[in-house]
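If you want the building blocks of each chain, they are given just below.
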Amino acid sequence: MTEASTKQFSYKQSGATGAEIRRGASVICEIIGMRLCNVRFAEGGSILIGSDVGIPLYWMQYANHTHPDRNSASNGTVSLVASDADRIVVRVTGTNQAREIESIMDLTVEFHPATNACTYRFDATLTVLPGKAWHVTPNPDHGELEFFNLYPLDVFTGDTGRTKLYQACFVRQGGVVTRIPHHHLETSDKHSIPLHKGDGFFWLMESENPAVEILSEQEVSAGLCAYMWDAHFGYRVPHGGAPLALQGPLQFSAAWKLYRIERDEAEGIVRQAKEGNPAGLDSTPIYVEGVNRFSRIPPDSLRERHDLWPWSPAVISGDVRLSVDRGLGYDDLDSLHIGSKDEGRAEWVATTLGPPFGGKAFHTGKRHRLRAYVRTTDLRGMARIGIRLHRKDRPGLFDPGTYERFDSTVSLTGTNEWTRIEVVTPKISPEPDRLHLILEHQGSGKSWFDNVFYEEIE
């Protein structure tokens, strides 16, 4: 462990991929495993970026980003480059496991006496090495080559005893500010947000708020995660919807600044903002506790509620269309529809139950029941419902294909008026930590699902 210091800043190395930066008696930030953690912007200020989801100080792809060949977190080093009275520069380097790419990221922490606060500047270079190729997977929601991911502390938490911070994100593009409400729906305002030099991205508004300014000359394509409200910043690469290999030698560079704004400045940004009008809201079904009737959500709920989670469409095979039907329902005019002209298979799935999503805890030794009304027309296959779950502390948490699945013993085929069917699991012990509700259609024809109700029972 080595140490270097200046009058204001002090730097302490911690292994090859870690360091601590202090200003006076305060830890301003830490680098832990090539991630920037526990970030403060002033001595004695609040931590705005924690250690649970720190900022990666390396390039990656969003798709399969944990795979060691899709990120540059291998062979990492952290080192002190320069320091003076009000500035310190740290360099973080890494490669992917196959050594096809090299990442260099310079982090400059600078103190500004006029604001009595620090800013964090990032200057990053990604190199596809000579004679190598890096395989890139297309990403529909933001740039494939991700250089920055920011998750402010407590912007989302599954702990119902902790308060979620920030009411919305705000994007400043030129002189236009747009508000992106914090709900969990995959709306178009969260996807493929173009940012240019000088544009800003903000989480607002608390007494201290994290803010990003783009410094790159090249257009950035950003996206906001509907689950955790973290933002991804990256570059698009032309791919025509197909995977491609970036051939070396090839280099990309990016620059951006992370800083804080206080409430008075945040209020000015909020006053300027216009509400986005994302496409597809009417076709997004919302999961609710109790009976799911798939009714329209009032616009005010979309602006103000933070607890809205969707039913997600999943096409497993074939040419299958999933939609919200606004003209047919069991006891109203709304339902979920699946239709196919061939031997397709698809599902509507609710995956957002339980504590990780801010919901009620599951209990050990309980059974789980799902009921729904189902209607079919000319179905050459079957329609059914199911429960898929993962038990606490078992392997495979992030692989739903390994979850236990319980399907309704009754399934419908042919043409049927509204029919109530249900599935009940055995007693589950240990309790689930993930539980998914499934409305399934197989084969050619049409299926509708309505008045879907889940409950935990003795």
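1. Some remarks on the environment of Pro285
One can find Pro285 in the loop between strand 23 (274–275) and strand 24 (286–287). Taking the relative accessible area as the measure of exposure, Pro285 reaches 4% and is therefore buried. When residues no more than four places from it in sequence are discounted, the contact partners of Pro285 are Phe294, Trp309, Pro310, Trp311, Val324, Leu336 and Trp348.

2. Digging into the pairing of strand 30 (residues 345–350)
It is a general feature of regular strands that their side chains alternate between the two faces of the sheet. Across the six residues of strand 30, five count as buried, placing the element largely inside the fold. As paired elements, strand 27 (residues 312–317) and strand 30 share five bridges and run antiparallel to each other. The residue bridging Val315 from the neighbouring strand is Ala346, located in strand 30. Here six bridges tie strand 30 to strand 34 (residues 432–457), and the two strands are oriented antiparallel to one another. Among the inter-strand pairings, Trp348 is bridged to a residue of strand 34, identified as Leu439.

3. Here's the deal with the pattern of salt bridges
In total, this model carries 29 salt bridges according to the counting rule given. Notably, a salt bridge pairs Arg345 with Glu440, separated by 2.8 Å at the nearest N-O pair. One end of the pair, Arg345, is in strand 30; the other, Glu440, is in strand 34, with 95 residues separating them in the sequence. Classification of Arg345 as partly exposed rests on a relative accessible area of 26%. Residue class for Glu440 comes out buried when judged on its relative accessible area of 0%. The salt bridge involving Arg405 is made with Glu440; its shortest N-O contact spans 2.5 Å. Taken as a pair, Arg405 in strand 32 (residues 404–407) and Glu440 in strand 34 lie far apart in primary sequence, 35 residues in all. What emerges from the salt-bridge pattern is a single network uniting Arg345, Glu347, Arg384, Arg405, Asp407 and Glu440.

4. So, unusual backbone geometry
That bond from Gly248 to Pro249 is cis: its omega, 0 degrees, falls within 30 degrees of zero. A cis amide bond links Ser429 with the next residue in sequence, Pro430, at an omega value of -5 degrees. Assignment of secondary structure puts Pro430 in the loop between strand 33 (412–424) and strand 34. With a phi angle near 65 degrees, Phe294 is a residue other than glycine that sits in the positive phi range. On the secondary structure map, Phe294 appears in the loop between strand 25 (291–292) and helix 2 (299–304). Non-glycine residue Asn451 carries a positive phi angle of around 45 degrees.

5. Re the packing of aromatic side chains
Tallying each qualifying case throughout the model produces 21 aromatic pairs. Linked through ring pairs, Trp59, Phe122, Phe147, Phe148, Phe201, Trp203, Phe233, Tyr235 and Trp256 together constitute an aromatic cluster. The cationic tip of Arg23 hangs over the ring face of Phe9; the distance from NZ or CZ to the ring centre is 5.0 Å.

6. Some remarks on the side chain of Ser216
Inspection of the secondary structure puts Ser216 in the loop between strand 18 (208–214) and strand 19 (220–224). Among the residues examined, Ser216 registers a relative accessible area of 3% and is labelled buried. Polar side-chain contacts of Ser216 include one of 3.1 Å to the side chain of Tyr235. Within the local environment of Ser216, its side chain forms a polar contact with the backbone nitrogen of Ala255, the two atoms lying 2.8 Å apart. For Ser216, the residues in contact, after removing those within four places along its chain, are Lys197, Tyr235, Ser253, Ala254 and Ala255.

Criteria and cut-off values
- Residues numbered from 1 in each chain as written.
- Predicted model: local features only at pLDDT ≥ 70, side-chain atom pairs only at ≥ 80, totals over all residues.
- Heavy atoms only, no water.
- Helix = DSSP H or I, 4+ residues; strand = E, 2+ residues; numbered from the N terminus.
- Buried < 20%, exposed > 50% of the residue type's maximum accessible area, 1.4 Å probe, protein only.
- Contact = heavy atoms within 4.5 Å.
- Pairing = 2+ DSSP bridges.
- Salt bridge = Lys/Arg side-chain N within 4 Å of Asp/Glu carboxyl O.
- Phe/Tyr/Trp six-rings, centres within 6.5 Å; stacked < 30°, edge-to-face > 60°.
- Lys NZ or Arg CZ within 6 Å of the ring centre and 35° of its normal.
- Polar contact = N/O pair within 3.5 Å; in protein donor to acceptor, adjacent residues only side chain to side chain.

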